[in-house]
Amino acid sequence: MSATVRLSVNGQPVEVPAGASVAAAMAHVTLHFRRSVSGTARAPLCGMGVCFECRVNIDGVPHVRACMTPVIEGMQVRTDD
Amino acid sequence: MTERYDILVVGAGPAGLTAARTAAAHGARVGLIDAQAQPGGQVWRHDVRHHAPREARAAISGLGQVELLSQHTVVAVEPSALRVEMPRGASELRYDALVLATGARELLLPFPGWTLPGVTGAGGLQALAKQGWPVAGKRVVIAGSGPLLLAAAATLRAHGAHVLGIYEQAAAASVHAFARQLVHWPAKAMQALGLRTRLAGVPYHFGSFIRGASGDDTLSRVDIEGPRGSQSIECDMLGVGYGLVPNVELAQLLGCALVHQGAHPRVQVDALLRTSVSGIYAAGEAGGIGGLAVARIEGEIAGHMAAGQTQAATALLPMRGKERRFGALLSHHFALDPRLLSLANAQTLICRCEDVTLGELDGFSDARSAKLVTRCGMGACQGRICGTALAELGRFPRNGARPPVFPTRLATLAGLTTFPSSDDY
């Protein structure tokens with residue numbers, strides 16, 4: 001349980017415990033996961049893959065739910081602004 | 001790619017884990033599908049910092065010959081088959097019998113400020129904390145309704161959060177009457193006692209609810225209405241949830257009949273957990289909110305039934321009856337205060353995907369016409385959040401499920417088994 005994984009969130013390095021979600025890793029950097037259609041900042045709501053508020057770009061793939069995605073070493077995560 | 005199973009189980013929470021293990025013990029080839037990376041569902045969700053409870057570890061390690069298909073999301077159905085999507089591919093899984101153990105999600109009700117970053121579900125915040133969300137030293141308010149609030153608060157505390165208080169909307173008399181009934185369920189009484197011990201020093205308020213949340217770009221303050229008036233509290237995170245609603249979308253797509261329990265549908269099953277569709281069974285929360293013990297016993301019943309062992313399933317019926325009565329007790333004692341249904345005002349966003357306000361939904365009496373005109377329910381969550389909230393608010397019931405069950409890649413629907421590289425998105 002002590003192993004850690006390093007990834008990048010909007011270009012900023014983050015280190016989190018192995019098994020953490022991308023959402024959890026991102027929260028170390030920003031609480032603004034996406035901009036809504038009218039431009040307001042959003043962050044995870046349900047924490048379990050239902051609400052899609054946490055969707056981000058992971059390794060070039062857009063609209064991936066951060067709460068459903070475990071971190072992988074070297075992952076590149078980007079929010080949409 | 002097509003893979004054949006005797007029995008497929010959807011959902012690797014307590015019900016699905018038990019169903020899969022039970023069915024496999026009869027010699028069936030069993031696939032256990034789950035969208036998460038780790039088995040356990042919500043109640044036994046993997047925690048990056050703490051060990052899972054003993055029963056959870058036993059259920060997971062006891063899977064034996066069961067093929068655990070993690071990070072598999074069911075997106076569409078075909079005759080006797082499910083189309084699933086994985087992070088890097090898709091496939092078709094065929095079955096002779098199917099067990100739906102799709103669990104539940106939180107009932108989230110709109111109020112001014114509920115879209116602010118820092119506002120989450122109560123179970124939602126618990127799930128995020130277990131995922132490694134940084135909560136240590138954070139000032140957290142837990143609110144909403146039901147015993148889940150205590151479990152969420154205990155997890156938050158174990159992860160180092162400063163839990164300022166738990167705000168339960170049900171009146172003190174109602175919660176105390178519920179607690180007295182726990183004498184009939186000694187295991188639950190012990191669990192409740194354990195939670196209260198772990199939460200020593202955390203105030204537990206009754207007849208209290210969150211009226212609004214505010215902050216500059218992220219949450220900084222919540223307004224609370226209680227029996228002795230209103231107050232404001234500064235905090236970093238708010239976890240607020242009003243109990244659970246069954247996940248029925250997949251069952252609906254498969255043509256299984258639903259029944260309404262209050263404002264929300266559940267999968268219709270008979271005592272032996274048969275749905276209205278031959279060869280499809282539903283276990284646990286999908287068939288109505290009942291809690292962990294219901295999920296485990298029903299998982300066992302459904303596992304036997306899916307393997308054609310009706311006699312073994314029938315022997316478990318008295319246990320099921322007793323545990324199911326607990327669910328009725330929950331909904332009775334934690335019934336929602338009608339004031340919670342008028343927290344959202346005309347400017348409050350209801351559909352968070354398409355930013356549709358409650359005011360824009362005035363005059364619509366069904367989900368379909370509201371969607372056609374306002375786009376409400378048309379976004380990525382497919383109306384799971386707003387549709388459920390609007391049903392609870394008494395505006396209109398949810399739309400029927402249509403494929404795909406979850407947003408999916410075109411390649412998945414086209415039947416491609418591996419996805420093109422990310423450059424092609």
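Residues numbered from 1 in each chain as written. Chains lettered and ligands numbered in written order. Predicted model: local features only at pLDDT ≥ 70, side-chain atom pairs only at ≥ 80, totals over all residues.

## Section: the interface of chain A and chain B
Taken together, the 37 residues of chain A in the interface contact 35 residues of chain B. Of the residues that constitute the side of chain A that touches chain B, the class distribution is 23 nonpolar, 10 polar and 4 charged. (Contact = placed C-beta atoms within 7 Å. Nonpolar A, V, L, I, M, F, W, Y, C, P; charged D, E, K, R; others polar.)

## Topic: the domain arrangement of chain B
Residues and elements named next belong to chain B. Considered domain by domain, chain B is made up of domain 1 (2-105 + 245-315), domain 2 (110-241) and domain 3 (345-392). A straight line from the C-alpha centre of domain 1 to that of domain 3 covers 30 Å. Looking at the side of domain 1 that touches domain 3 residue by residue, the classes come out as 2 nonpolar, 1 polar and 1 charged. (Domains from an automatic or database assignment.)

## Considerations on the environment of proline 79 of chain B
Residues and elements named next belong to chain B. Looking at where proline 79 falls in the secondary structure, it is placed in the loop between strand S5 (73-78) and strand S6 (81-86). Look at proline 79 and you get exposed, because 5 C-beta atoms sit within 10 Å. Taking the C-alpha atoms as reference points, proline 79 and arginine 94, 15 residues apart in sequence, are found 8.6 Å from one another. (Helix = DSSP H or I, 4+ residues; strand = E, 2+ residues; numbered from the N terminus. Buried ≥ 20, exposed ≤ 12 C-beta atoms within 10 Å, placed from the backbone.)

## Things to note about the nonpolar core
Counting 98 residues, the largest nonpolar core has Ala23 and Ala25 of chain A together with Ile142, Ala153, Leu238 and Ile350 of chain B as the members making the most contacts within it. Ignoring sequence-local partners within four residues, the contact set of leucine 238 of chain B consists of Gly118, Val119, Val141, Ala143, Ile210, Ala213, Leu219 and Val222 of chain B. Core analysis: the second largest hydrophobic core is formed by 60 residues, Leu69, Val84, Leu250 and Val294 of chain B among them. (Core = buried A, V, L, I, M, F, W, Y, C linked by C-beta atoms within 7 Å.)

## Considering the sheet that holds strand S1 (residues 4-9) of chain A
Residue and element names in this part refer to chain A. Reading across from one edge, S2-S1-S7-S5-S6 is the order of the 5 strands in this open sheet, with mixed pairing throughout. At either margin of the open sheet sits one strand with a lone partner, and together these are strand S2 (12-17) and strand S6 (61-65). In this sheet, neighbouring strand axes are inclined to one another by 40 degrees on average, regardless of whether the strands run parallel or antiparallel. Relative to strand S7 (residues 76-78), strand S5 (residues 55-58) runs antiparallel, the two sharing 2 bridges. By the bridge assignment for S7, asparagine 57 is matched with arginine 78. (Pairing = 2+ DSSP bridges. Axes fitted to C-alpha atoms, helices over the stretch in contact; angles between N-to-C directions.)

## Some remarks on the pairing of strand S17 (residues 237-241) of chain B
All names here are of chain B. Extensive coverage of S17 is indicated by the burial of 5 of its 5 residues. Of the two faces of S17, the one lined by Met237, Gly239 and Gly241 and the one lined by Leu238 and Val240 are each fully buried. Pairing of strand S10 (residues 119-120) with S17, which is carried by 2 bridges, proceeds in the parallel orientation. Following the sheet pairing, threonine 120 is matched in S17 by glycine 239.

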